Amino acid sequence: MVDESKRLVVDASIARSCGDATATYPTSVRCRDFLLVLRDCKHKVVMTQEIRAEWDKHQSRFARQWLRGMISRKQFIALPAVSIDQTLWEAIEAMADTDPQRAAMVKDILLLEAALATDRSIVSLDEKTARRFFTQAAQKIAKLREIVWVNPDRLEEEPIEWLKAGAPADAERMLGF
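Scope of this entry: the structure provided in the associated data block. This structure is a prediction, so every number in the text was calculated from the model and none was measured. (Residues numbered from 1 in each chain as written. Predicted model: local features only at pLDDT ≥ 70, side-chain atom pairs only at ≥ 80, totals over all residues. Heavy atoms only, no water.)

## Considerations on the layout of surface pockets
And step 1. Estimated volume of the largest pocket: approximately 190 Å³.
And step 2. In terms of lining residues, the largest pocket is bounded by 13 residues, among which D11, A12, E54, K107 and D108 are the most central.
And step 3. By residue class, the composition of the lining of the largest pocket is four nonpolar, two polar and seven charged. (1 Å grid on protein atoms, 1.4 Å probe; cavity = no way out; pocket = protein on both sides within 12 Å on 5 of 7 lines; lining within 4 Å. Points joined across faces, edges and corners; volume = space filled by probe spheres on them. Nonpolar A, V, L, I, M, F, W, Y, C, P; charged D, E, K, R; others polar.)

## Describing the pattern of salt bridges
And step 1. For the structure shown, the criterion picks out 15 salt bridges.
And step 2. When the shortest N-O distance is used, the salt bridge between D40 and R39 registers 2.9 Å.
And step 3. Measuring nitrogen to oxygen at the nearest pair gives 3.6 Å for the salt bridge that ties R120 to E146. With R120 in the loop between helix 6 (99–117) and strand 4 (121–123) and E146 in the loop between helix 7 (127–138) and strand 5 (148–150), this pair connects stretches of sequence that are 26 residues apart.
And step 4. A relative accessible area of 32% means that R120 is categorised as partly exposed. (Salt bridge = Lys/Arg side-chain N within 4 Å of Asp/Glu carboxyl O. Helix = DSSP H or I, 4+ residues; strand = E, 2+ residues; numbered from the N terminus. Buried < 20%, exposed > 50% of the residue type's maximum accessible area, 1.4 Å probe, protein only.)

None of the figures reported here should be taken as evidence of function without further support.
Structural data, given as structure tokens:
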């Protein structure tokens, strides 16, 4: 295990999918295991007020207890209001093909802004909408290319090993890869 901790933005999709401590659905197990390893590796979870509100609205019982533990261990960082990058918002909105896609991207741009303000790492289950779209957007928006996106439910990404290795900014995990 690497000693250097990283500040990771964890989407509410993870909090919702954990279930309780006895849930056996594979996604629930993988999300819980990921959060436990994140904690044990001494990484920190980063949230803006908006991200925290999403967590509070969607979190499972396990996620609520996990987050309390992270706060008590001082592994929680409450970001002050992140200044909105109007140029980034406009560029992303302009790239969306449909209104539903635009709405989804605007909702998830909060994750991007928090990641850009910290260690440029996002943990999320959202593959079909956000990750795919932001990967396409990274081809035209340079600042997105350095954001690492990890999905704890994709075993081929080896998310647990990634955490244990110090959550490095591996090229193949970046939106611009």
